[in-house]
Amino acid sequence: MQKKVYERPVIKSLNSGITNKFGTRTEYAPLSHIDGVAVKDLIKKYGSPLFVFSEQTIRKNYRNAFRAFTTRYPKVQFAWSYKTNYLNAVCNIFHQEGSWAEVVSGFEMDKALYNKVPGNRIIFNGPDKTEQDLLKAIHLDSLIHIDHLDELYLLNELAERIDKKPRVAIRVNMDTGVIPLWDRFGFNYETGQAWDAINKIMSNNQLNLTGLHAHIGTYMLSTQAYAVATFKLADLALGVKKKYNRNLTYLDLGGGFASKNTLKGAYLPGSDTVPDISEYAEAICSTLLNVGFAPEDLPYLYLETGRALIDDAGYLIGTVIANKRLSDGRRATILDFGVNIMFTAFWYNHKISPAQEFGPYTEDCVLYGPLCMNIDVVRESVTLPPLNRGDHVVVHHMGAYNITQSMQFISLRPAVVLIDTDGKTHLIRERETLADILHNEKTPEYLVNFEI
Ligand SMILES: *Cc1c(COP(=O)(O)O)cnc(C)c1O
């Protein structure tokens, strides 16, 4: 074996601005305007931080997804997943586009009713439906998706008591080849649980089995998993036809299509790796058309897509509070928004753009929120130009789950603004104040006064 030639090690400084291992420049270009409205003006008018939603993007996402399905399959209905974002203004844009409501609690159902969604256009999912919720859903003729046998038995009892035959579906979970298996919701396909539930409903004749439901997971990157889920739901529906001579009205394939957000640990950005909505549509629709339904018996296809329709329509804009050096030499920038309003920061490396022009110099830095908690990290490592106190930044892909899962913690929750399709801004939720917090608090009389 020939001796290898010795090469002297070299130490080279990484000059930002020229090509380095992070690329030739900062990760992102500046984003000074959202739908034509200056970030600076938004903050001046509504304060910082601020959630901003683009009506144009919401409508575009909906129409694009709806077209992807309706051009491939004749009977399609979307239902907006309330828990993904239940701001009334956001829900109503989806309802104006034709979406029904998909809710997973009594509270969400009340919100859909408040928004004037007809009861028979509400899909009621979830493992926690109280007796009161179920009675209300029966009276409203909502579609009740049964999660477990206890719910099935209770529903049987209630329906008998008030002499009604509510429309129901069962939620089915199955092996779609994706790990982890979501088998905690609904009845399992492979073990025969699903058939057991169907038989119990059909033989008891107190409930009107109208559909079958599956929601196989969230941020699903595999379109094949949807083909498998569709096949297994359809197999049950064809079995019902064969055994009970009954056509089910619909198959509900749930939601879970990935948004273009980037998961932590992903090598490439979500915009490069996430399937297009038309690829999900292709997997589901071709399976449905091929699986063996007679043309006149084709069921409706219901979809409860959440994050894929709203994530990129939501932004969080904010302001730099300070910069400092950590003991290891890294640059740290402190922003005025933290993980209490960025729940998804635990899963995603959110794309963050400076909102003003910047020079060629960049540096790897860590972005912290304002909370007095070590976990308050907005980005662990991101290449950005040096930001000064008072500069603004824009966080992308914030539309899904951040509004509904945010909490006031140390600081109160920010206002939310909608930019309409004419570029006009509308305040759709006020900034929280102390009065909002005090509203529900009660201090016992003997604790009111003190001297210190
Ligand atoms: C959360 C949820 C959805 C929406 O999921 P996304 O991942 O946001 O698309 C749809 N259906 C059910 C039953 C859900 O629980």
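Residues numbered from 1 in each chain as written. Predicted model: local features only at pLDDT ≥ 70, side-chain atom pairs only at ≥ 80, totals over all residues. Heavy atoms only, no water.

### Structural notes on the nonpolar core
One finds Phe-69 and Ile-170 to be the most contacted residues of the largest nonpolar core, which totals 106 residues. A total of eight residues in this core trace back to one element, the largest contributor, which is helix α8 (residues 223-244). Sequence-distant contacts of Ile-170, defined by excluding residues within four places in its chain, comprise Ile-146, Phe-187, Ala-194, Ala-197, Ile-198, Ile-201, Leu-209, Gly-211, Leu-212 and His-213. Counting 15 residues, the second-largest nonpolar core is a separate cluster that includes Val-39, Leu-42, Ile-43 and Ile-419. (Core = buried A, V, L, I, M, F, W, Y, C linked by side-chain atoms within 4.5 Å. Buried < 20%, exposed > 50% of the residue type's maximum accessible area, 1.4 Å probe, protein only. Helix = DSSP H or I, 4+ residues; strand = E, 2+ residues; numbered from the N terminus. Contact = heavy atoms within 4.5 Å.)

### Things to note about the domain arrangement of the protein chain
Per the domain assignment, the segments making up the protein chain are domain 1 (33-52 + 312-433) and domain 2 (55-310). In this structure, domain 1 and domain 2 have C-alpha centres spaced 33 Å apart. Contacts between domain 1 and domain 2 engage 24 residues on the former and 23 residues on the latter. Interface of domain 1 and domain 2: buried area, both sides summed, is about 2,200 Å²; carbon and sulfur atoms make up 54% of it. Taken as a group, Tyr-348, Tyr-401 and Thr-404 account for 29% of the area that domain 1 buries against domain 2, more than any other trio of residues on that side. Of all elements in the fold, only α12 (402-405), β19 (415-419) and β20 (425-429) reach the threshold of two or more residues within the side of domain 1 that touches domain 2. For the side of domain 1 that touches domain 2, the element with the highest residue contribution is β19, accounting for three residues. Residues that form the side of domain 1 that touches domain 2 fall into these classes: twelve nonpolar, seven polar and five charged. (Domains from an automatic or database assignment. Buried area = accessible area lost by both parts, 1.4 Å probe. Nonpolar A, V, L, I, M, F, W, Y, C, P; charged D, E, K, R; others polar.)

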